[in-house]
Amino acid sequence: KNIKILLFRRISKMNQCFGCNTCASADKKLEGYIRELPMETSHHRVEGQSTKCGFGLQGVCCRLCANGPCRITPKAPRGICGATADVIVARNFLRAVASGSGCYIHIVENTALNVKKTAMAKGEIKGEKSLQRLAEIFGVEGKDKWETAQIVAQKVLDDLYKPEYEKMELVEKMAYAPRFKKWQELDILPGGAKGEVFHGVVKCSTNLNSDPVDMLTDCLKLGISTGIYGLTLTNLLNDVLLGEPELRLAPVGLRVIDPDYINIMITGHQHTIFVDLQERLTSKEAVEKAKAAGAKGFKLVGCTCVGQDLQLRGAHYTEVFDGHAGNNYSSEAVLATGGIDAVLSEFNCTLPGIEPICEELKIKQICLDDVAKKANAELKPYVFEEREKQSEEIIDEIIAAYKERRGSVPLNLMPEHGNDNTLTGVSEGSLKEFLGGNWKPLIDLIVSGDIKGIAGVVGCSNLTAGGHDVLTVEMTKELIAKDILVLTAGCSSGGIENCGLMTPEAAKYAGPKLRAVCEKLNIPPVLNFGPCLAIGRLEIVATELAEAIGVDIPQLPLVLSAAQWLEEQALADGCFGLALGLPLHLGLPPFVTGSKLVTKVLTEDMKSLTGGQVIINGDAKESADILDKIIEEKRAGLNI
């Protein structure tokens, strides 16, 4: 009965989008803009994909062998091989988590390699404080900053390359001690991160593992390696090369596109790939080339998570960064303005739907990592040793595209979209510095009840759960109205900021106590930590708060929501949240509801294992009420 209710809610929420020629959006200006576009976008395709496979939604379809696809029903409770719904669902879930983890491990591997190679070349290290922080955590020190950076990066790489049966060393150094002890007790400490991905894929293959609980245990191990390495360490390594985030007010939305410049939209997650290009775009030589072509210079326009990461560090790149335009499902609209001259992509959240738009509007596409190769794009794999030459080639190719397209392609700009004063640059470091160098002011506000608790609203944006960013934005409004401070990370941040909830003026939407805090400090009730990778930064905040109070992480008045999760990476993120012992809200069920056992483990039994639990609800008010109740229970447990 419960499974049917979950599926009914999901289908009902999805159907709210249907019946019109575009999907609904929390961002009404964007919705109206997309509705009038003469080209097809993902928002238009939602209705055509409205019929969903019930077996797929429940996760009870297996196509691993030639006897299939097998679909589990009450009359056919086993596949031909004998696999039950519990086995098929757990197997599909583990395969998805392993794939999502693999994506994050790819990112941290490339980031660590770029740090190492930069150190070997004695290149610029902007975040010396971050480097020293990592060196102290790892217990290493070189004769200078470059040798130290090289040792730090190598430590990360060595752990990634360990076999699955050999435990990673840095987990204990990075994790909160009570959590590490719990992971030891549960025997879920991961081996080498790449080995864990390989092991997970093997385990869920044909006629191998048929123990659902054992497979779910592997999901937790993958969650830990994903969180510690793919999330937390990627952020800190990025800080080393790109500089620490700094608080500032900045513009967001389609308004950031300045037609007087050659505009480059960046998509993906691997910010260190853009280091050399960012610097060269503002060089005298590059600017002169741009002016000769009729432009004032070059601007990078942020889109998806790499744009969020650049926005996070925007104080270091004011000359070249124009601002953050939107999330994954805003990217087609960004291109449709006609003001973008090139797309540089290096990882996911780069929709295949941008390809026909780029073709029509003569927008140059260059892919810097073959994992993100688009069908009609040029592949130019980033090679550190050839970065200077590649940057020059990219600049010349984009100038050529600019000359060809500008004047022949109509502009359809939207300067009224977004706002000019979104608070950006929030990190565990900049926020703590803002509070005076420690977490006591925040803890005091939580103890007094001026801030009831903290909700991490993280992850993706999707076009279901009411429409583009609808559940995420509406639930965020409900949470802040209950005096709950919201911290965000991921594509969800793009929708929330474009809807104005990250400006100081958004304090008016908060409950009376939180509003008073925001107005006194001149901050919004929703703080943007940047890309989905910054979920790792939220883990640092949680760890340091727990340590300051003297409790374990599950005891904190802290909840997580990936209201509009989208990809397999989000499932790996979620497993990290569960391993940390946090309540995790999802607006849509992952494809597991066809298994009573798997559903029960995730929504009930997990609470007694790690302290975490999965909560499924697609209604904004109901979801906020549930999370509010959990925060109240946590407060009672702490006697506050």
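What this report covers is the structure whose coordinates are included nearby. Note that this is a predicted model, so its numbers are computed, not measured.

1. Quick word on the overall build of the protein chain
Then step 1. Looking only at helices and strands, one finds 26 helices and 16 strands in the protein chain.
Then step 2. Over its C-alpha trace the protein chain gives a radius of gyration of 24 Å, about what one expects of a compact globule, namely 26 Å for 640 residues.
Then step 3. Each principal axis of the C-alpha atoms in the protein chain carries an extent, and together these give about 70 × 60 × 55 Å.
Then step 4. Every one of the 640 residues in the protein chain was classed for burial, and the buried ones make up 62%.
Then step 5. Taking as baseline every contact in the protein chain between residues at least 6 positions apart, the subset at least 24 positions apart corresponds to 77%.
Then step 6. Taken as a whole, the protein chain presents about 23,300 Å² of accessible surface, with 52% of it coming from carbon and sulfur.
Then step 7. Positive and negative charge centroids in the protein chain, built from 70 and 82 side chains respectively, lie 4 Å apart.

2. Brief notes about the environment of histidine 324
Then step 1. Residue placement: histidine 324 occurs in strand E6 (residues 321-326).
Then step 2. Take histidine 324: its relative accessible area is 0%, and that puts it in the buried class.
Then step 3. Setting aside chain neighbours within four positions, we find histidine 324 in contact with Pro251, Val252, Gly253, Val256, Gly302, Cys303, Thr304, Gly307, Gln308, Gln311 and Glu497.
Then step 4. Polar side-chain contacts of histidine 324 include one of 3.0 Å to the side chain of glutamate 497.

3. Things to note about the pairing of strand E12 (residues 484-489)
Sheet faces and side chains relate simply in a regular strand, where the side chains alternate between the two faces.
Then step 1. With six of six residues buried, E12 lies mostly within the body of the structure.
Then step 2. Side chains Ile484, Val486 and Thr488 project from E12 onto one buried face, and the interleaved Leu485, Leu487 and Ala489 project onto a second face that is buried too.
Then step 3. Here strand E11 (residues 453-458) runs beside E12; their pairing, made up of six bridges, is parallel. For glycine 453, the partnering residue across the bridge sits in E12 and is isoleucine 484.
Then step 4. After leaving E11, the chain enters helix H20 (residues 470-481) and then returns to the sheet as E12, a path that is right-handed.

4. Considering the packing of aromatic side chains
Geometry of an aromatic ring pair is reported as the spacing of the ring centres plus the angle between the planes.
Then step 1. Inspection of every chain in the model, using the stated rule, returns one aromatic pair.
Then step 2. Between tryptophan 565 and phenylalanine 591, the aromatic rings sit 6.0 Å apart at their centres with planes inclined by 65°, giving edge-to-face as the arrangement. Of the two residues, tryptophan 565 sits in the loop between strand E14 (558-562) and helix H24 (568-580) while phenylalanine 591 sits in the loop between strand E15 (583-586) and helix H25 (596-609), which places them 26 residues apart along the sequence.
Then step 3. Overall, tryptophan 565 belongs to the buried group, its relative accessible area being 7%.
Then step 4. Note that lysine 477 overlies the ring of tyrosine 509, its terminal NZ or CZ placed 5.9 Å from the centroid.

5. Digging into helix H23 (residues 535-549)
Then step 1. Counted at 1.5 Å a residue, the expected span for H23 with its 15 residues is 21 Å, and the 21 Å between its end C-alpha atoms agrees.
Then step 2. Downstream of H23 by one or two residues, glycine 550 has phi in the positive range, about 90°.

How each quantity is defined
- Counting restarts for each chain: residues are numbered from 1 in the order of the written sequence.
- For this predicted model, a pLDDT threshold of at least 70 governs which residues receive local features, and a threshold of 80 or more governs which side-chain atom pairs are given and counted, while totals over whole chains, interfaces and linings are taken from all residues.
- Side-chain measures here rest on the full set of heavy atoms in the structure, leaving out hydrogens and waters.
- Each helix is a run of DSSP H or I of at least 4 residues and each strand a run of E of at least 2, with the numbering of both proceeding from the N terminus.
- Values of the radius of gyration come from C-alpha atoms, whereas the globule rule sets the reference at 2.2 Å times the count of residues to the power 0.38.
- Three labels apply to residues, based on accessible area from a 1.4 Å probe with only protein chains included: buried if under 20% of the type maximum, exposed if over 50%, partly exposed otherwise in between.
- Contacts were defined at the residue level, with two residues in contact if any of their heavy atoms lie within 4.5 Å.
- With residues, only the protein chains shown are counted as cover, and all accessible areas are computed by Shrake-Rupley using a 1.4 Å probe.
- In summary, the charge assignment counts Lys and Arg as positive and Asp and Glu as negative, without counting His or the chain termini.
- Charged side chains are reduced to one point each, which is NZ for Lys, CZ for Arg, CG for Asp and CD for Glu.
- Two N or O atoms count as a polar contact when they lie within 3.5 Å, although within protein this holds only if one can serve as hydrogen donor and the other as acceptor, and sequence-adjacent residues are included solely when both atoms are side-chain atoms.
- By the convention used here, strands pair only if DSSP detects at least 2 bridges between them.
- Orient the strands so they point away from the viewer; a crossover is then right-handed if the path from the first strand over the helix to the second runs clockwise.
- In this scheme Phe, Tyr and Trp rings, the latter by its six-membered ring, pair at centre separations within 6.5 Å, and the angle between planes marks the pair as stacked below 30 degrees, edge-to-face above 60, and tilted otherwise.
- Should the NZ of a Lys or the CZ of an Arg lie within 6 Å of a ring centre and within 35 degrees of the ring normal, that charge is described as sitting over the ring.
- Here, expected helix span is obtained from the residue count minus one, scaled by 1.5 Å.

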